[in-house]
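Residue-level listing of the chains:
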Amino acid sequence: MPTTTAAQRREQARVQYDAFIRSCPTNQLLDRLSDKWVSLVVAALSTGPMRYSDLGRKLAGVSPKMLTQTLRSLERDGILTRTVTPSVPVRVDYELTELGASLAQLMTAVKAWAETHIEEVHEARDRYDAEAEGQAEKTTVPQK
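Described in the following lines is the structure provided in the data block. (Residues numbered from 1 in each chain as written. Predicted model: local features only at pLDDT ≥ 70, side-chain atom pairs only at ≥ 80, totals over all residues. Heavy atoms only, no water.)

### A word on the sheet that holds strand β3 (residues 91-96)
With antiparallel pairing, three strands are arranged side by side in an open sheet as β1-β3-β2. On the outer flanks of this sheet lie β1 (50-51) and β2 (80-85), each paired with one strand and no other. Sheet topology note: the β2/β3 ladder contains six bridges and is antiparallel. The partner of T83 across the bridge, within β3, is D93. Of the strands in this sheet, β1, β2 and β3 are in contact with helix α3 (residues 36-45), which crosses β3 at around 95°. (Pairing = 2+ DSSP bridges. Helix = DSSP H or I, 4+ residues; strand = E, 2+ residues; numbered from the N terminus. Contact = heavy atoms within 4.5 Å. Axes fitted to C-alpha atoms, helices over the stretch in contact; angles between N-to-C directions.)

### Comments concerning the packing of α3 against helix α5 (residues 64-76)
Across the interface, α3 lies against α5 with an axial gap of 10 Å and an inter-helix angle of 70°. In this view, α3 runs roughly perpendicular relative to α5, as classed from their interaxial angle. Side by side, α3 and α5 meet where W37, V38, V41 and V42 of the first sit next to M66, L67, T70, L71 and L74 of the second. Within the contact of α3 with α5, the residues separate by chemical class into eight nonpolar, one polar and no charged. (Parallel < 35°, antiparallel > 145°, perpendicular 65-115°, else oblique. Nonpolar A, V, L, I, M, F, W, Y, C, P; charged D, E, K, R; others polar.)

### Considerations on the pattern of salt bridges
When the charged atoms of two side chains lie near each other, side chains of opposite charge can form a pair. Inspection of every chain in the model, using the stated rule, returns four salt bridges. Put simply, D77 and R32 hold a salt bridge, and the shortest N to O gap is 2.5 Å. On the criterion of sequence distance, the pair formed by D77 in the loop between α5 and β2 and R32 in helix α2 (residues 25-33) is long-range, its members being 45 residues apart. The exposure class of R32 is partly exposed, given its relative accessible area of 27%. In this structure, the salt-bridge partner of R57 is D54, at a minimum N-O distance of 2.5 Å. With R57 and D54 both in helix α4 (residues 52-58), this residue pair falls three residues apart, about one helical turn. Under the relative-accessibility criterion, R57 is labelled exposed at 60%. (Salt bridge = Lys/Arg side-chain N within 4 Å of Asp/Glu carboxyl O. Buried < 20%, exposed > 50% of the residue type's maximum accessible area, 1.4 Å probe, protein only.)

What follows is the structure, encoded as structure tokens:
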């Protein structure tokens, strides 16, 4: 069994992906995937192909610029495909790739979790805010 030097071990460790390291490509991918519009676009497309205008209507509040940027980044990453059908007007459809479909399972689960537990989160926030306000009142010295 060959022995490895410390430098060789460091090089091997550098080759392995570690999302906790800021410069790791997986960290950068997680940053992209955690974007609100990315998760909503992927979840919306999980039901099947959609036109640009349909996505714009489904994703309330997304600007055309943000939707275009999000779709381009997802296409670049291989998450979705863009199909242009020459017609008047031009028809553009977006569809998840196999890679995107595997991501959609996770994104739709997170979306469902958020929809199921939002009331609990609101209650937790209210409790936290009330406790924080109570702590602030205790530390405030009355003025004379």
